[in-house]
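Residue strings, one per chain:
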Amino acid sequence: MSGGEVAGLLVAVFWAILVSFLAVVLVRLAQTLKAATKLVTGVTERAVPLLGEASATVRSAQTQLDRVDAIATDVQEVASNASALSSTVSTTFGGPLVKVAAFGYGVRRALGRKRPAASQTPPPVVVSRTLPGARRGGGGRGRGRGKG
């Protein structure tokens, strides 16, 4: 064998090793692509029904929000009507009621001033104690005290 033949043989061996290495890499890449395709297919199969359910949920939530909006509008109308009714009642009955209360207070004070004796309280009564009688004889010093 000549030097050219040995060099050609070495190049052929290295070329065969390179082709084998590239074949292994391509096989592994194909397996990875198959796994990725299978994963994407699985995710798609599960995501499509979930998106349909999410869409139905959003539509239901919109319906509920429309109902809540209608209820809030009705409550606002009732509140404004109650406020108007309250101010009407206050205007209609407030002034006369204040006048009647003031008149009643004045009558009570006037009646309380006319009868001062009735409003005084009697002296307290002590139960089960005998009070000494009043002394006779002008109340001089030393009289009626023991010597006698």
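In this text the structure is predicted, and so the values were computed from the model without any measurement.

Chemist: Sorry, what's going on with the overall build of the protein chain here?
Modeler: If you tally the helices and strands in the protein chain, you get two helices and zero strands. Out of the 148 residues belonging to the protein chain, those deemed buried represent 0%. As displayed, the protein chain offers around 13900 Å² of accessible surface, 66% of which is attributable to carbon and sulfur atoms.

Chemist: Looking at this structure, I do not really get a nonpolar patch on the surface. What am I missing?
Modeler: Taken together, the side chains of Met-1, Val-6, Leu-9, Leu-10, Val-13, Phe-14 and Ile-17 make up a nonpolar region of the molecular surface, amounting to roughly 730 Å² of accessible area. Position of Ile-17 among the secondary structure elements: in helix α1 (residues 3–114).

About the cut-offs
Residues numbered from 1 in each chain as written. Predicted model: local features only at pLDDT ≥ 70, side-chain atom pairs only at ≥ 80, totals over all residues. Heavy atoms only, no water. Helix = DSSP H or I, 4+ residues; strand = E, 2+ residues; numbered from the N terminus. Buried < 20%, exposed > 50% of the residue type's maximum accessible area, 1.4 Å probe, protein only. Areas by Shrake-Rupley, 256 points an atom, 1.4 Å probe, with all protein chains shown as cover. Patch = residues over 30% accessible without salt bridge, like charges linked within 9 Å, V, L, I, M, F, W, Y side chains within 5 Å. Salt bridge = Lys/Arg side-chain N within 4 Å of Asp/Glu carboxyl O.

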